[in-house]
Amino acid sequence: MTISHAPPASKKPDISPVSGSDPDLQPLVPASSRRTRVPRWLRRTTGPVLLLALWQLLSTTGALPPDVLASPGRIARVAGDMVADGSLPAAMGTSLQRVAGGVLLGLLVGTGLALVSGLFRIGEDLVDAPVQMLRTVPFVGLIPLFIIWFGIGEAPKVAIITLGVTFPLYLNVYAGIRGVDAQLIEAGESLGLSRWGLVRHVVLPGALPSALTGLRYSLGIAWLALVFAEQVNADSGIGFLMVQARDFLRTDVIVVCLVVYAFLGLLADFIVRSLERVLLQWRPTFTGR
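Criteria and cut-off values
The numbers attached to residues start from 1 for each chain and follow its sequence in the written order. Reporting in this predicted model follows two pLDDT cut-offs: at least 70 for local features of residues, and 80 or more for side-chain atom pairs to be given and counted; totals over whole chains, interfaces and linings ignore these cut-offs and use all residues. The side-chain figures draw on all heavy atoms in the structure; neither hydrogens nor water molecules are used. In this scheme Phe, Tyr and Trp rings, the latter by its six-membered ring, pair at centre separations within 6.5 Å, and the angle between planes marks the pair as stacked below 30 degrees, edge-to-face above 60, and tilted otherwise. Helix numbering and strand numbering both begin at the N terminus, where a helix is a DSSP run of H or I of at least 4 residues and a strand a DSSP run of E of at least 2. Throughout this description, buried means an accessible area under 20% of the type-specific maximum (1.4 Å probe, protein chains only), exposed means over 50%, and partly exposed covers the range between. Put simply, a patch holds well-exposed residues, over 30% relative accessible area, that have no salt bridge, with like charges counted together within 9 Å and Val, Leu, Ile, Met, Phe, Trp or Tyr side chains within 5 Å. Accessible surface is estimated by sampling points in the Shrake-Rupley manner with a 1.4 Å probe; for residues, cover comes only from the protein chains shown. By definition, a salt bridge exists where a carboxyl oxygen of Asp or Glu is found within 4 Å of a side-chain nitrogen of Lys or Arg. Nine residue types can take part in a nonpolar core, namely buried Ala, Val, Leu, Ile, Met, Phe, Trp, Tyr and Cys, and a core is a set of them joined through side-chain atoms within 4.5 Å. Residues count as neighbours in contact if any of their non-hydrogen atoms are within 4.5 Å of one another. Values of pLDDT, ranging from 0 to 100, describe the predictor's confidence in every residue of the model. In summary, the charge assignment counts Lys and Arg as positive and Asp and Glu as negative, without counting His or the chain termini. Charged groups are reduced to one reference atom each: NZ for lysine, CZ for arginine, CG for aspartic acid, CD for glutamic acid. Simply put, an axis is a line fit to the C-alpha atoms, just over the touching stretch for a helix, and the angle between two N-to-C directions goes from 0 to 180 degrees. Put simply, angles under 35 degrees are roughly parallel, angles over 145 are roughly antiparallel, angles from 65 to 115 are roughly perpendicular, and the rest are oblique. Amino acid classes used here: Ala, Val, Leu, Ile, Met, Phe, Trp, Tyr, Cys and Pro are nonpolar; Asp, Glu, Lys and Arg are charged; the rest, including Gly, are polar.

A. Region of the structure containing the packing of aromatic side chains. Across all of its chains, the model carries four aromatic pairs by this definition. Seen in terms of ring centroids, Phe146 and Trp149 are 6.0 Å apart; in terms of plane orientation they differ by 55°. Their pairing is tilted. Of this pair, Phe146 and Trp149 both sit in helix α5 (residues 143–150), separated by three residues, roughly a single helical turn. Residue classification places Phe146 among the buried residues on the basis of a relative accessible area of 7%. Judged by centre distance (5.9 Å) and plane angle (10°), the rings of Tyr170 and Tyr174 are stacked. Of the two residues, Tyr170 and Tyr174 both sit in helix α6 (residues 154–178), four residues apart, roughly one turn of that helix. Assessed through its relative accessible area of 1%, Tyr170 is described here as buried.

Dropping the structure here:
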C-alpha cells in the first residue's frame, strides 16, 4: 500500500500593516537634481578671478614686465580714463554699427541661399557648389579686392563682416533643413499640408535649432572679421584704437580693446542663447549633471 504525503501548505508572510510600525517614507531625489551648496555663478566666476589674481601677482613681483603686458590694475585705470574722455564709447558705437550692418546682410544672404539650396533640388544644384567653393577661400585674403572694388570707406569693412557671417550660417541652416526627419514630412503630407504648410510647420521649426547654432557661430566670426576690417585704413572704431596703441607700444590700451571685443561677443552670444530658450521651449535637451 502506497502512502502519499501531501506537501505542507506554505505559510504566507503576514503583510498586514501594523499601526505605528512603518517608518516615515522619504521621497527619492535623483542625484542630478540635488542642489549643490556652492552657487553655480560662484563656480563660473572662480576661474576668471583666479586668473586675474595670478596676473596681478606676476605684475606686482616684476615677473611680467609692463612693456610686455600691463597689470590688471593699470588696465582698469586706463579703461576708466577712456570712458571718461569719450573715446571708448565712441569707438564701441562705430564698431557696433559695422557689425550690425554686416550681420544683417550676412543673415539675409546666408539664410536666403540656404533656403533655396535646402528646399529645392535645382537650387542645390545651382547654389551649393559655388558656395562650397567660395567658403574655402579665406575672407581675409579678399581684403585687397574689397578695397579695389569698394574703396577705403565703410563698404569694404561691412563686406568683410558680411562674408564672414554668410558661410557658417548657410552651412548650419542648410544642414538643419536637410536634417529634418523624413517621417515628419510624410506625416505632414498625410494630414493634407500643402508644400508651404510643410515648410512653415515642419521644415522650418525642425531646422531652427541648427539655424540658431549657426547664428551663434556667425556672430563670433563677425567680431573676428571686425578685427581685420578695422585694420584697413580705419579712422574710428575699436580696431583704430588698437592700431594707435600698437604704434605707441601701449599694451594697456590694446588689452582694453581686446576685453571690449570679448564682452561684446559675449553679450551677442547671450542674446542668441536667450532666443534659444524662448524659441526652443518645445525641445527638451540635456543640460548637464
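There is more to say after this.
B. Just a nonpolar patch on the surface, in detail. Taken together, the side chains of Leu267, Phe270, Ile271, Leu275, Val278 and Leu279 present a nonpolar region at the surface, about 560 Å² in accessible area. Classification of Leu279 by relative accessible area gives partly exposed; the value is 41%.

C. Seen up close, the nonpolar core. In terms of nonpolar packing, the biggest core is built from 57 residues, with Met82, Val99, Ile160, Ile161, Trp223, Ile238 and Val256 touching the most fellow members. Residue assignment for this core shows that the elements contributing at least two residues are α2 (72–84), α3 (87–119), α4 (121–135), α5, α6, α8 (195–229), α9 (238–247) and α10 (251–279). Looking at this core element by element, the count peaks at 14 residues for α8. Excluding its chain neighbours within four sequence positions, the residues that come into contact with Ile160 are Phe139, Ile143, Phe146, Ala225 and Ala229.

D. Local environment of the confidence of the model for the protein. Averaged over all residues, the pLDDT of the protein is 81; the fraction at 70 or higher stands at 85%. Low pLDDT (under 50) marks residues 15–19, which in the prediction has zero contacts with non-local residues, meaning those over four places away or in another chain.

E. Representation of unusual backbone geometry within the structure. Backbone geometry at Leu249 places phi at a positive 55°, although glycine is not the residue there. Looking at the secondary structure, you find Leu249 in the loop between α9 and α10. Here Leu249 falls in the exposed class, since its relative accessible area comes to 71%.

F. Quick look at the pattern of salt bridges. For the coordinates displayed, the defined rule picks out seven salt bridges. Note that Asp252 is salt-bridged to Arg74, the shortest N-O span being 3.1 Å. Of this pair, Asp252 sits in helix α10 while Arg74 sits in helix α2, and the two are 178 residues apart along the sequence. Residue classification places Asp252 among the buried positions, given a relative accessible area of 5%. Residue Arg98 is joined to Glu154 by a salt bridge in which the shortest nitrogen-to-oxygen separation is 2.8 Å. Of this pair, Arg98 sits in helix α3 while Glu154 sits in helix α6, and the two are 56 residues apart along the sequence. By relative accessible area, which is 2% here, Arg98 ends up buried. Sharing partners across several salt bridges, the network here consists of Arg74, Arg250 and Asp252.

G. Examining the side chain of Glu276 more closely. By the secondary structure assignment, Glu276 is in helix α10. It turns out Glu276 is buried and unbridged, and the closest side chain with the opposite charge, Arg216, is 4.0 Å from it. Setting aside residues no more than four positions away along its own chain, Glu276 makes contact with Leu212, Thr213, Arg216 and Gln281.

H. Spotlight on a positive patch on the surface. Taken together, the side chains of Arg40, Arg43, Arg44, Arg273 and Arg277 make up a positively charged region of the molecular surface. Within the residue set of the positive patch, elements represented by two or more residues are α1 (40–61) and α10. Of all the elements, α1 adds the most residues to the positive patch, at three residues. Looking at the element boundaries, Arg273 is found in helix α10.

I. Region of the structure containing the packing of α8 against α10. Running from N to C, α8 and α10 point in directions that differ by 170°, and their axes come no closer than 10 Å. In terms of axis orientation, α8 runs roughly antiparallel to α10. Contacts between α8 and α10 involve Leu208, Leu212, Thr213, Leu215, Arg216, Leu219, Trp223, Leu226 and Val227 on the former and, on the latter, Tyr261, Leu264, Gly265, Ala268, Asp269, Val272, Arg273, Glu276 and Leu279. Among the residues making up the contact of α8 with α10, the classes are represented as 12 nonpolar, two polar and four charged.

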